[in-house]
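Each chain, letter by letter, is given below.
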Amino acid sequence: MKILITGGAGFIGSALVRFLMGSQLARVVNVDALTYAGNLEALPGLDDDPGYHFEHVDIGDRAAVERVFRVHKPDAVMHLAAESHVDRSILGPEAFVQTNVVGTQNLLEVAREYWQGLADQPDQRQQSPRERFRFHHISTDEVFGDLPLDAPAFTETTPYAPSSPYAASKAASDHLVRAWHRTYGLPVVITNCSNNYGPYQFPEKLIPLMILNAAAGKPLPVYGDGGQIRDWLHVEDHAKALWTVLQHGEVGETYNIGGDAERTNLDVVHTICDLLTELRPMAEDVRRQTNLETNTPTHYRNLIQSVTDRPGHDRRYAIDSRRIQRELGWRPRHTFESGLRKTVQWYLEHTEWVNRVQSGEYRQWLEQNYASR
Ligand code: NAD
Ligand code: TYD
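Predicted, not measured: the structure shown is a model, and the values here were computed from it.

Cut-offs and rules
- Residues numbered from 1 in each chain as written.
- Chains lettered and ligands numbered in written order.
- Predicted model: local features only at pLDDT ≥ 70, side-chain atom pairs only at ≥ 80, totals over all residues.
- Heavy atoms only, no water.
- Near = heavy atom within 4 Å.
- Polar contact = N/O pair within 3.5 Å; in protein donor to acceptor, adjacent residues only side chain to side chain.
- Areas by Shrake-Rupley, 256 points an atom, 1.4 Å probe, with all protein chains shown as cover.
- Helix = DSSP H or I, 4+ residues; strand = E, 2+ residues; numbered from the N terminus.
- Nonpolar A, V, L, I, M, F, W, Y, C, P; charged D, E, K, R; others polar.
- Buried < 20%, exposed > 50% of the residue type's maximum accessible area, 1.4 Å probe, protein only.
- Pairing = 2+ DSSP bridges.
- Axes fitted to C-alpha atoms, helices over the stretch in contact; angles between N-to-C directions.
- Parallel < 35°, antiparallel > 145°, perpendicular 65-115°, else oblique.
- Left-handed = near helix turned anticlockwise from the far one by under 90°.
- Contact = heavy atoms within 4.5 Å.

1. Some remarks on the site of ligand 2
And step 1. Inspection of the region around ligand 2 gives 18 residues, with Glu142, Pro221, Arg310, His313 and Tyr370 positioned closest.
And step 2. In this structure, an oxygen atom belonging to ligand 2 sits 2.8 Å away from a main-chain N or O atom of tyrosine 223.
And step 3. Tyrosine 370 is positioned such that a nitrogen or oxygen atom in its side chain is 2.8 Å from an oxygen atom of ligand 2.
And step 4. Relative to its unbound accessible surface of 510 Å², ligand 2 loses 97% to contact with the protein.
And step 5. Looking at the shell around ligand 2, the elements with two or more residues in it are helix 7 (206-215) and strand 8 (220-223).
And step 6. Its residues assigned to classes, the shell around ligand 2 shows eight nonpolar, five polar and five charged.

Below you can see the structure in the form of structure tokens.
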């Protein structure tokens, strides 16, 4: 099988490519515009692999996307390319509408024309290429909006109520994908996943930001009271779930993916601090530099600072993933504790990668985002 993956240089896309190539499950065409969030160093050792191709293409560029389909003739599309950070969407929503909505519409149109042109006679695999084709759209639990503390977790039928420009743009793209199925018959599957964490996540998101700031003795900016709840899933478990849905999911259907690991932000930050205390006790110079006047100066928790809350901040997300577990037999392998320990270790061991992604643009973003809080 040859899979066209969009956003394969991003955090989740690269985990998916590493999983598929590492297990020799499929050949991969990686279509990525390499925005600030795309990083080919997350795909070590693939350049010379004949089963892997990289296409430096923006999904909004119709002619370029058409060429990619014509040249590579994929059996399926897994669409992950997106602008993905809520705080950036608040400061500049245009790019989110452009890539997540317009880009997805463009990709859908090219995929539809390509799919309609595929042979509809069964081949040696007992199915025609047209029957076999899939368009898998990767989405988020944020489309469901703010979940009251006493409400049951989101299911596949929870109504959409996005809060942020990011969530609204992802909701729009989910609607487009469903419309392309209903109107044109395009064989789509959709997945809505909870917050991911793991290696190669760009350090603008909560977990890598907190690990790296703490390790450097910098403040840990917790928005508001830190009581917001997210449901965390290790990215390798997500990659396996995506492959399961592509292989066995029912066309036209949606599957929620989550880790059954609801934690408040403050809980997450405390756990990171405690893991760091164990794995990398605070160095004397960092301790002095941070001027911590406390009885437990070695403890990273002292770096936590409450900062102005995110506008429109959703209090809680939680995913009910019983459908994918029951119907497709997927289950997460990591607990939050085992996955987070592995992740903290990974960031401590990959300082070169970290230094390279913390470029001038990254520093500018931090200044812009956190100066306003
Ligand atoms: P990411 O920001 O790390 O990566 C996005 C990738 O898309 C980057 O490689 C970037 O270069 C590429 N890209 C951006 N705009 C593009 C364009 N116009 N054309 C081609 N490529 C472009 O994102 P991620 O965290 O890996 O998320 C991947 C997908 O999963 C997104 O669709 C996101 O909405 C969804 N998702 C993310 C999470 C999460 O916790 N990170 C959870 C659920 C769903
Ligand atoms: P984030 O990683 O941006 O993911 P999302 O907004 O998609 O859930 O944020 C996770 C949670 O952590 C969210 O409630 C916002 C909060 N947060 C902070 O408190 N401080 C920070 O510096 C960041 C980046 C996030």
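2. Points about the pairing of strand 8
And step 1. Across the two faces of strand 8 the burial is the same, with Leu220 and Val222 and Pro221 and Tyr223 all buried.
And step 2. The sheet contact formed by strand 8 and strand 12 (residues 304-307) spans four bridges and is parallel. Across the sheet, residue proline 221 finds its bridge partner in strand 12, namely glutamine 305.

3. A few points about the pairing of strand 9 (residues 229-234)
And step 1. Most of strand 9 is tucked away, with six of its six residues classed as buried.
And step 2. Across the two faces of strand 9 the burial is the same, with Ile229, Asp231 and Leu233 and Arg230, Trp232 and His234 all buried.
And step 3. As judged from the three bridges shared by strand 7 (residues 195-197) and strand 9, these two strands associate in the parallel manner. Bridge pairing in strand 9 links asparagine 195 to tryptophan 232.

4. As for the packing of helix 9 (residues 265-279) against helix 12 (residues 336-349)
And step 1. Where helix 9 contacts helix 12, the two axes come as close as 10 Å, and the packing angle between them is 55 degrees. The orientation of helix 9 with respect to helix 12, classified from their angle, is oblique. Helix-helix and strand crossings are classified by hand; for helix 9 and helix 12 the assignment is right-handed. Between helix 9 and helix 12, the contacting residues are Val268, Thr271, Ile272, Leu275, Leu276, Glu278 and Leu279 on the first element and Phe336, Leu340, Arg341, Val344, Gln345 and Leu348 on the second.

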